Amino acid sequence: MRKDNSDDLFLPALRGRMGQWWYFSSVMKMADIVERVKTVREIHKAESLQELLQRQLTDRATAIAEYLITQDQRFFNSLVIGTYGGEPGWYEVSVQKAPSTLQQDIPFQLAGILGFLVLDGTERLFAIDGQHRVAGIRKALESNEELGEEEVPVIFVAGVSQGRREDDPEGYERTRRLFSTLNRYAKPVNKNFIIALDEDDAVAYITRCLVEDHPLFVGKISLAQGKNIHPSDQKNFTSIAALYDCLDRFLQEETKRSWNRFKRFRPSDKKLEVLLSKAISLWDNYCEFFPELLELRESLPTDKAAAMHRHASGGHLLFRPIGLLSSVCVVRDLMDSMNISVGDAVSRVSMVPMQLDHGMWRGILWNATLRRMITAPEHQKMATKLMFYAAGGDLAHLKTDENVLKSQLAGLLDAEEKEIRLDRYMDADNSI
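Residues numbered from 1 in each chain as written. Predicted model: local features only at pLDDT ≥ 70, side-chain atom pairs only at ≥ 80, totals over all residues. Heavy atoms only, no water.

Chemist: Sorry, what's going on with the overall build of the protein chain here?
Modeler: Secondary structure assignment for the protein chain yields 14 helices and 14 strands. Within the span of the protein chain, comprising 432 residues, buried residues form 45% of the whole. Residue pairs at least 24 apart in sequence account for 69% of intrachain contacts in the protein chain once pairs closer than 6 positions are excluded. Accessible surface computed for the protein chain: about 23,700 Å², of which carbon and sulfur atoms make up 50%. (Helix = DSSP H or I, 4+ residues; strand = E, 2+ residues; numbered from the N terminus. Buried < 20%, exposed > 50% of the residue type's maximum accessible area, 1.4 Å probe, protein only. Contact = heavy atoms within 4.5 Å. Areas by Shrake-Rupley, 256 points an atom, 1.4 Å probe, with all protein chains shown as cover.)

Chemist: Can you walk me through the side chain of S326 in this structure?
Modeler: For S326, the location among the structural elements is in helix α11 (residues 321-338). The contact partners of S326, leaving out residues within four places of it in the chain, are Q380, A383, T384 and M387.

Chemist: Would you take a moment to explain the sheet that holds strand β7 (residues 124-129) for this structure?
Modeler: Two strands in a sheet stick together by hydrogen bonds in their backbones, pointing the same way (parallel) or opposite ways (antiparallel). On the basis of which strands lie adjacent, the open sheet formed by eight strands has the order β3-β7-β4-β8-β2-β1-β6-β5 and mixed pairing. Each edge of the open sheet carries a strand with a single partner, namely β3 (37-38) and β5 (89-92). Relative to strand β8 (residues 151-157), strand β2 (residues 21-29) is paired through seven bridges, and the arrangement is antiparallel. Directly across from F24, in β8, lies its bridge partner F156. Helix α3 (residues 131-143) rests against β3, β4 (79-84), β7 and β8 of the sheet, and its axis sits at about 120° to β7. (Pairing = 2+ DSSP bridges. Axes fitted to C-alpha atoms, helices over the stretch in contact; angles between N-to-C directions.)

Chemist: I would appreciate a short explanation of a nonpolar patch on the surface in the present structure.
Modeler: A cluster of nonpolar residues, F10, L14, Y91, V93, I113, L114 and F116, forms a patch on the protein surface that exposes about 590 Å² of accessible area. At the level of elements, β1 (9-18) and β6 (114-119) are the ones that each hand at least two residues to the nonpolar patch. Here L14 lies in strand β1. (Patch = residues over 30% accessible without salt bridge, like charges linked within 9 Å, V, L, I, M, F, W, Y side chains within 5 Å. Salt bridge = Lys/Arg side-chain N within 4 Å of Asp/Glu carboxyl O.)

Chemist: Mind showing me how you'd approach the pairing of β1 here?
Modeler: A regular strand places its side chains on the two faces of the sheet in alternate fashion. Judged from the six bridges that link them, β1 and β6 form a sheet pairing that is antiparallel. Paired with A13 across the strands is G115, a residue of β6. Judged from the five bridges that link them, β1 and β2 form a sheet pairing that is antiparallel. Bridge pairing in β2 links G16 to Y23. If you look at the hairpin formed by β1 and β2, you'll find two residues sitting between the two strands, and G19 has a positive phi there, around 60°.

Chemist: Could you clarify how one ought to interpret the pairing of β7 in this entry?
Modeler: Counted residue by residue, β7 has five buried out of six residues, so it is predominantly covered. Pairing analysis gives five bridges linking β4 to β7, with the strands arranged antiparallel. Opposite T83, over in β7, you have L125 as the bridge partner.

Shown next as structure tokens:
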């Protein structure tokens, strides 16, 4: 018989079993989570590991707290909470008779599945999965106590914390294994999935608008995983991930950090219209100054127009995601450094050689011997700098100069610096 206790927490729950684990699915108010649930550092002995986890919790807690405070449509998936010690009680709710609205009896195997889990406050509760959300909830309630009444789905299992490992070494090992298993198999959400569904990320929203409505992209965007697009793809201009990255760079406002924060919360419809207009202007100008893209825009997907510009011999730089992204980065850098319009910037880029087998790109983006792209990050960075300089950009904007660029280029090409020549197709005053 349990004693009356003002600390008792009554939680409606469903009891279930999977493998060796009995578990209870319920909900907890955020205030109770803050008061009773510890983070995963409870299952580590080494202080260095605890400190590492604490740094990771701190890094993500602020973002989660901001989400809880500002997002009206906030929602979490279930926290997995380990319980140890105390006297948790389980009280089944007996359903003697099926409701009259049901046409059949309740299946006998469901007996005992529904009830109340009662926690008396003496047990230890710690997050096995969801430690960042627990830390974020704690931080959010520091700013907004009203959130404490909101409920979060939770799953309770009989876990063992670090402090009790000597009492139950097998239970402790089992808890550690559950923690690692949950994290090992909880893969990050696919980037294409985020682009397709995220209603808060303005760049994802604009990417979808272009894919659905802009003639350059309708039916000509690869939805395969990853940014790259296979040379044998005869229909698609680029990949949806590459398009997202291009827009992310072109539309970025202020610092990268503030821009990433901006993308976490849906802006006003008016702001979305402004950003969409900028994106449409970018690609309309690309079609104006690059005949290959105009031809693609006017074609049908079944025409397979991309095949003429992406093939085993190289083809056009813009039909490769790496080249397309580099060009958009250059457009944005030219606009920022020279205070020119998007049309003027794209016009300048269009003067730079765009065939992959051109000497400017051999050894940088194109391996002529193996007839394939060079995708190393340092090569892509070099390609962007070379294109920026060739289009008349001031290297000071990229915090470098001609001598440094020549030295870096010589290193990538394994050549003597005296053999290196930097090509320039436009000067700052628009002269060729």
